[in-house]
Amino acid sequence: EELQEEVIARMDAEDVKLDELQVQHHELQGKLDEVQVQNNELQGKVDEVQVQNHDLQEKLDEVQVQQLELQGKVDSMEGKLDEVQQQNQDLRGKMDTVEEKMDDLKLLLEKVVTNSAPPAPPQWITIQRRGQYGNLANFFAKSMADYKTGFGNTTGEFWLGLDELARLTKDGKWEMQVDLVDYAGKTYTGIYHKFRVGPGPRYELEVGEYDSSKSTMGSDVFRLHNKMAFSTKDVDQDTWPDGDCSNSFGQGGWWYEDCYNINFNINGENKGNDKLDKIGMKVYPGGLDVMMKETKMKIKNKM
C-alpha cells in the first residue's frame, strides 16, 4: 500500500508538471502565433517594399534612358556648337579680308579723288565784326590779353584773336576784304590781296596790294597802318611819341600809327544822343570822316 501511494503521489506530481508544461506550451504557442502574425506583417511590408523598389527601379531605368537621350542631345549640340564656332571663325577671316579690301579701296578712292577732283575753294574767315547787337559802346575797349585770345561770338560782335590770326597767316598767301555799311545805308568794300599778322608781342600788320578796281572805299585807307604793331589800352606800341592812341580814342585795340586813318574798333563816339546806335566805328573812305553802322573784316588763303 505504501508503494502504491508513493506511485500515485508521483503520478500526481507528474500530472501537475504536465499541466504546467501544457500551460507553458499554450503560452509559447500563443507567442509563436503572435510572432507568426508579426512575421506575416513584416513579410507584407517586405513585399510592399519590394514592389516599391521595383517601381523605383523602373523609374530609375526611365531616368537613365532619359539621361542617355539628353546626353545624346548635349553631344549633338556640342557638335553643332563646334560647327558654329568654326563657321564664326571662317566668317571672321572673311570679314578681315573684306575690311582689308575696303581699306585698300578707300586708299585707291582717295588717290583717285585727290588726283582727279579739283581742290575745294578756300573759304572766307571772319576775323572782326561790329554792328548793332545790343552791346555797350565800349565793348571793344579790351586788354591785350583779350585781343590775343579773341572775344564775342561769330553771330554778333566778334574779334577772332591775334594769336589765331598770326597762326593762320603764317603760311600761304592771304587776302582781306572789308565790308562796311554807314548810317545812311551806303555800303563800302575794300579788297587787299596781301594780308598777314606777325607773331607776338608786336603782332605787326602786313597789308597791301589794294585792289582799286574792285574796291569802293575810294582810297587805300589801310596804307597808314601797314607795318604797325598792335596797341591796346594797357599795351602802347604805336608810333605817337607824346601820346597813347588807344587811350586817346576810346581804348579800342588797333594797329595804330600816330594814330589812325581807319579804325573799326574805336569806342565811345556816339553822336547826337546817349543811345548806343552809333557805336564809333570810324573810317575815312575818300578822305571823309564817316561813322559806320556795321563793319566786317574777313580773310581767305589764296593758295
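Residues numbered from 1 in each chain as written. Predicted model: local features only at pLDDT ≥ 70, side-chain atom pairs only at ≥ 80, totals over all residues. Heavy atoms only, no water.

(A) Representation of the nonpolar core. Membership of the largest hydrophobic core comes to 41 residues, with the highest contact counts inside it found for Trp159, Met176, Phe222, Trp254, Trp255 and Met297. Looking at this core, the elements with two or more residues in it are α2 (144–149), β3 (158–159), α3 (162–168), β4 (174–182), β5 (187–197), β6 (205–210) and β8 (290–301). Apart from residues lying up to four places away in sequence, Trp159 is in contact with Ile127, Gln128, Phe140, Tyr147, Gly150, Phe151, Leu165, Phe230, Trp255 and Asn265. (Core = buried A, V, L, I, M, F, W, Y, C linked by side-chain atoms within 4.5 Å. Buried < 20%, exposed > 50% of the residue type's maximum accessible area, 1.4 Å probe, protein only. Helix = DSSP H or I, 4+ residues; strand = E, 2+ residues; numbered from the N terminus. Contact = heavy atoms within 4.5 Å.)

(B) Here's a closer look at the side chain of Thr295. Within the secondary structure, Thr295 is located in strand β8. Relative accessible area serves as the criterion here: at 2%, Thr295 is assigned to the buried category. Engagement of the side chain of Thr295 in a polar contact is seen with the side chain of Gln128, the distance being 3.1 Å. (Polar contact = N/O pair within 3.5 Å; in protein donor to acceptor, adjacent residues only side chain to side chain.)

(C) How the structure looks around the pairing of β8. Pairing between strand β1 (residues 125–130) and β8: 5 bridges, direction antiparallel. When the bridges of β8 are listed, Arg129 appears paired with Lys296. Relative to β8, β4 is paired through 9 bridges, and the arrangement is antiparallel. Across the sheet, residue Val181 finds its bridge partner in β8, namely Glu294. (Pairing = 2+ DSSP bridges.)

(D) View of the packing of aromatic side chains. Scanning all chains against the criterion turns up 17 aromatic pairs. Ring plane angle 50° and centroid distance 5.2 Å describe the contact between Tyr147 and Phe230, whose orientation is recorded as tilted. One end of the pair, Tyr147, is in helix α2; the other, Phe230, is in the loop between β6 and α4 (245–248), with 83 residues separating them in the sequence. You'll find Tyr147 and Phe230 in the same group, each marked buried. For the pair Trp254 and Phe264, a centre-to-centre distance of 5.6 Å together with 55° between the ring planes defines the contact as tilted. Pair noted here: Trp254 is in the loop between α4 and β7 (281–283) and Phe264 is in the loop between α4 and β7, with a separation of 10 residues, a long-range link. Residue class for Trp254 comes out buried when judged on its relative accessible area of 0%. (Phe/Tyr/Trp six-rings, centres within 6.5 Å; stacked < 30°, edge-to-face > 60°.)

(E) Up close: the state of the cysteines. Inspection of the entire model under this criterion finds 1 disulfide. Residue pairing for Cys245: its cysteine sulfur links by disulfide to Cys259, the two sulfurs lying 2.0 Å apart. Where Cys245 bonds to Cys259 through sulfur, the torsion about that S-S bond is close to -90°, and the disulfide is left-handed. Within this pair, whereas Cys245 is found in helix α4, its partner Cys259 is found in the loop between α4 and β7, the two being separated by 14 residues in sequence. Assessed through its relative accessible area of 10%, Cys259 is described here as buried. (Disulfide = S-S within 2.5 Å.)

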